[in-house]
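Observations on the model geometry
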Amino acid sequence: MKKHIAEPIKSKKDIKAVEQYLKEHNERDYVLWVFGLNSGLRVSDILGLNVSDVVDKTHITIIEKKTQKRKSFYINDKLKKVLKYYTKGRNLYEPLFLGKQGGRLNQRQVYRFLVDACQKLGIKSKVSTHTMRRTFGYHHYQQYKDIVILQQIFNHSSPRITRMYLGITQDEIDFSYKNFEL
């Protein structure tokens with residue numbers, strides 16, 4: 001059986017469409033989407049956060065569940081604004097993202113709302129909970145062209161692993177050759 005590989009969403013128009021759709025349908029899902037796209041964290045790490053981990057902070061510091069490595073990252077202005085509104089009046093010791101039964105939201109629930117939103121919007125990318133992380137990586141690379149910074153952000157052991165996240169297609173490689181000349 002072939003493993004399902006999540007793809008980044010490369011179109012900024014599609015990213016904004018998902019953001020708007022989620023904002024209109026479920027605030028929690030919208031905030032999680034914005035969080036994932038602006039942090040590059042794995043969903044398992046996002047879902048492990050409590051309200052106290054983000055309130056009145058400039059940085060979020062975690063120990064990654066998968067690697068057990070320490071990670072600290074700056075909360076950018078967009079994420080800070082969304083989190084401030086989302087956490088207003090919340091208990092500091094409750095999970096940041098609550099499920100319908102009041103417990104911590106789980107990865108299966110995140111997968112369902114992401115796939116549902118993308119299907120309803122006609123987005124053809126292979127979507128999973130890892131899509132947010134890969135989308136972050138793809139667009140960060142497009143903006144800064146620095147694989148080493150991304151490798152550090154992702155806590156990867158090699159640039160080769162980081163390149164997998166970028167989802168660069170053969171068409172993009174062909175385009176670069178077609179438009180390159182010395």
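Here, every reference points to the structure presented above.
Summary of the structure given here. (Residues numbered from 1 in each chain as written. Predicted model: local features only at pLDDT ≥ 70, side-chain atom pairs only at ≥ 80, totals over all residues. Heavy atoms only, no water.)

**Side note on the overall build of the chain**
When helices and strands are tallied, the chain shows nine helices and two strands. Reading the chain from its N terminus to its C terminus gives the helix and strand order α-α-α-β-β-α-α-α-α-α-α. The C-alpha atoms of the chain give a radius of gyration of 17 Å, which matches the 16 Å a tight globule of 182 residues would have. By its C-alpha atoms, the chain is 60 × 35 × 35 Å across when sized along the principal axes. Counting all 182 residues of the chain, 43% fall into the buried class. Partitioning the contacts of the chain with sequence separation of at least 6, the portion at a separation of at least 24 is 59%. If you sum the accessible surface of the chain, you get close to 11200 Å²; carbon and sulfur atoms cover 52% of it. Here the chain contributes 34 positively and 18 negatively charged side chains, and the mean placements of these two sets differ by 4 Å. (Helix = DSSP H or I, 4+ residues; strand = E, 2+ residues; numbered from the N terminus. Rg over C-alpha atoms; globule rule 2.2 N^0.38 Å. Buried < 20%, exposed > 50% of the residue type's maximum accessible area, 1.4 Å probe, protein only. Contact = heavy atoms within 4.5 Å. Areas by Shrake-Rupley, 256 points an atom, 1.4 Å probe, with all protein chains shown as cover. Lys, Arg positive; Asp, Glu negative; His and termini not counted. Charge placed at Lys NZ, Arg CZ, Asp CG, Glu CD.)

**Regarding the pairing of strand 2 (residues 70–74)**
Residues K71 and F73 point to one face of strand 2 and are all buried, whereas R70, S72 and Y74, pointing to the other face, are not buried. As consecutive antiparallel partners, strand 1 (residues 59–63) and strand 2 are separated by six residues, and within that stretch Q68 has a phi angle of approximately 65°, a positive value. (Pairing = 2+ DSSP bridges.)

**Here's the deal with helix 7 (residues 147–154)**
Of all the positions in helix 7, only I147, L150, Q151, I153 and F154 are classed as buried. The arc that holds every buried residue of helix 7, seen down its axis, measures 160°, which confines them to one face. Tucked inside the fold, the buried residues of helix 7 contact strand 2, helix 6 (131–144) and helix 8 (159–166). Between a side-chain oxygen at the N-terminus of helix 7 and the backbone nitrogen of V148 the separation is 3.0 Å; the capping residue is D146. Positioned one or two residues after helix 7, N155 has a phi angle of 60°, which is positive. (Arc of directions from axis to C-beta. Polar contact = N/O pair within 3.5 Å; in protein donor to acceptor, adjacent residues only side chain to side chain.)

**A closer look at the pattern of salt bridges**
Pairing is possible between side chains of opposite charge, provided their charged atoms come close. Summed over the entire model, instances satisfying the criterion amount to six salt bridges. The partner of D29 in a salt bridge is R28, with the nearest N and O atoms 2.8 Å apart. Pair check on accessibility: D29 and R28 agree, each one buried. When the shortest N-O distance is used, the salt bridge between E94 and R90 registers 2.3 Å. The network of salt bridges with common partners includes K16, E19 and K78. (Salt bridge = Lys/Arg side-chain N within 4 Å of Asp/Glu carboxyl O.)

Worth remembering: the numbers are spatial, not functional.
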